[in-house]
Amino acid sequence: GSKGEGAVAGQGLQSSRFEYKYYVNEGRARAIRHFVESYLEPDEFLVKYGGIGYPVCSLYMDNSGLLLYDQTLQGMKNRFKLRIRFYDDNPENPAFLEIKRRETDVIKKKRAAVTREGAQRVLAGDPPSAEFLFGNNQTTKALDALYEFCLLRDRIAAAGCTYVYYHRQAYVSPDSNAVRVTFDRQLEGGIYVPRTELAIPRDSARPKLEGVVLELKFTDRFPSWMEMLAEDFNLQRTSVPKYVKCVDALRARDPSSLRPSRI
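Attention in this report is confined to the structure presented alongside it. The residue count restarts for each chain, going from 1 along the sequence in the order it is written. Reporting in this predicted model follows two pLDDT cut-offs: at least 70 for local features of residues, and 80 or more for side-chain atom pairs to be given and counted; totals over whole chains, interfaces and linings ignore these cut-offs and use all residues. The side-chain numbers reported here are obtained from all heavy atoms of the structure, hydrogens and water having been left aside.

## Regarding the overall build of the protein chain
The secondary structure listing takes helices from DSSP runs of H or I that are at least 4 residues long and strands from runs of E that are at least 2 residues long, numbered from the N terminus. The secondary structure content of the protein chain amounts to seven helices and nine strands. Here the globule rule reads 2.2 Å times residues to the power 0.38, and the radius of gyration is calculated from C-alpha atoms. At 18 Å, the protein chain has a C-alpha radius of gyration in line with the 18 Å of a compact globule built from 263 residues. The principal-axis extents of the C-alpha atoms in the protein chain amount to approximately 50 × 45 × 35 Å. Whether two residues are in contact is decided by their heavy atoms, any of which lying within 4.5 Å being enough. Pairs at least 24 apart in sequence give 74% of the contacts found in the protein chain among residues at least 6 apart. Here, Shrake-Rupley sampling with a 1.4 Å probe gives the accessible areas, and only protein chains in the shown set may cover a residue. Accessible area of the protein chain: about 12,200 Å², with a carbon and sulfur share of 50%. A positive count includes Lys and Arg, and a negative count includes Asp and Glu. His and the chain ends are not counted in either. Here the site of a charge means NZ on Lys, CZ on Arg, CG on Asp, or CD on Glu. Averaging the positions of the 40 positive and the 34 negative side-chain charges in the protein chain gives two centres separated by 3 Å.

See below:
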């Protein structure tokens, strides 16, 4: 693809929102998608990739004791995750440093687009620098996200740990990004080898997933049509921690496989 096209992905991410997660089988996923299409339109990437959706790959950072994994497993009310998200193996395209905080039920995200080289430097433990930022994304907001990401990294001594990879179909409200519905499939986890390029994992482990992961994401109020959707399809909210599931699948395959370190 052209150099900047991944750069606009999620540029206007909501800083604070709710995310409700559900498992649905393929038949229900199709019917729900049909319902959703009356209210939302496919996001730009779904239009580009069509079919099953587009690849989303995140490298989760954690420390040698897997602190962030444990906090998620224990369902801690206030926690955060550090991940480096990218959408392809093209070294010209950006990666995104993402801090995802959960404060009880509210999700807050900060995100900065960085070059692949910038991502490597963050993974190596280097102090943050504006030169890590991608292209013309050098806004105060991006710089702030970069600095906070590195601060949290240093606070818990986090290093690259686990790749989480899946295919996503996303639908968004035409006029704003206040409402979003995503369908995620084909979840795979991979082991990160220190000092290697960011890459979609080849030797992956597949967690057992009970169908398609459906997420209803909204800012402020639960839209009335989403309430209707949840009632019509009798949706039961559940927790789907993709990172935890991928770590578990990799550990089941090889218990000694996950040792996050920078060297």
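## Comments concerning the packing of helix α1 (residues 26-36) against helix α6 (residues 224-232)
Axis definition: a line fitted to C-alpha atoms, limited for helices to the stretch in contact. Angles are taken between N-to-C directions and run from 0 to 180 degrees. At their nearest, the axes of α1 and α6 sit 11 Å apart, and the two run at 155 degrees to each other. Judged by the inter-axis angle, α1 sits roughly antiparallel to α6. Judged by the sense of rotation from one axis to the other, the crossing of α1 with α6 is right-handed. Between α1, through I32, F35 and V36, and α6, the contact on the second element is made entirely by W225, M228, L229 and D232. Amino acid classes used here: Ala, Val, Leu, Ile, Met, Phe, Trp, Tyr, Cys and Pro are nonpolar; Asp, Glu, Lys and Arg are charged; the rest, including Gly, are polar. Looking at side-chain class alone, the contact of α1 with α6 contains six nonpolar, no polar and one charged residues. What sets the label is the angle itself: under 35 degrees gives roughly parallel, over 145 gives roughly antiparallel, 65 to 115 gives roughly perpendicular, and the rest give oblique. The crossing is said to be left-handed when, going from far helix to near helix, the turn is anticlockwise and less than a right angle, and right-handed when the turn is clockwise.

## A short note on unusual backbone geometry
Backbone geometry at Q186 places phi at a positive 55 degrees, although glycine is not the residue there. Its location among the elements puts Q186 in strand β8 (residues 179-191). Burial classification: accessible surface area is computed with a 1.4 Å probe over protein chains only, and a residue below 20% of its type maximum counts as buried, one above 50% as exposed, and the rest as partly exposed. The exposure class assigned to Q186 is partly exposed, which follows from its relative accessible area of 34%. If you check the backbone angles, N234 has positive phi at about 50 degrees while not being a glycine. On the secondary structure map, N234 appears in the loop between α6 and α7 (242-253).

## Here we look at the packing of aromatic side chains
Pairing of aromatic rings covers Phe, Tyr and Trp, the last through its six-membered ring, and needs centres within 6.5 Å; plane angles under 30 degrees mean stacked, over 60 mean edge-to-face, and all others mean tilted. With the rule as written, the count across this model stands at 15 aromatic pairs. Clustering of aromatic rings is evident, with ring pairs tying together F18, Y20, F218 and F222. Stacked on the ring of Y20, the Lys or Arg R237 has its end atom at 3.6 Å from the ring centre. Any Lys NZ or Arg CZ found within 6 Å of a ring centre and within 35 degrees of that ring's normal is scored as a charge over the ring. Geometry around Y166 places K242 over its ring, the cationic atom sitting 4.6 Å from the centre.

## Considerations on the nonpolar core
A general trend in soluble globular proteins is that nonpolar side chains are found buried together. Among the nonpolar cores identified, the biggest contains 31 residues, and L82, I84, F149 and L198 are the most heavily contacted of them. Mapped onto this core, the elements with two or more residues apiece are β3 (54-62), β4 (78-86), β5 (95-103), β6 (106-114), α4 (116-123), α5 (140-156) and β7 (159-172). For this core, the leading source of residues is α5, giving seven residues. Residues in contact with L82, not counting those within four places in the same chain, are L59, Y60, M61, L68, E98, I99, F149, L152, R153 and A158. Throughout, nonpolar core names a set of buried Ala, Val, Leu, Ile, Met, Phe, Trp, Tyr and Cys residues whose side chains join them through atoms within 4.5 Å. Judged by nonpolar contacts, the second largest core, of 24 residues, contains Y20, Y22, Y171 and V181.

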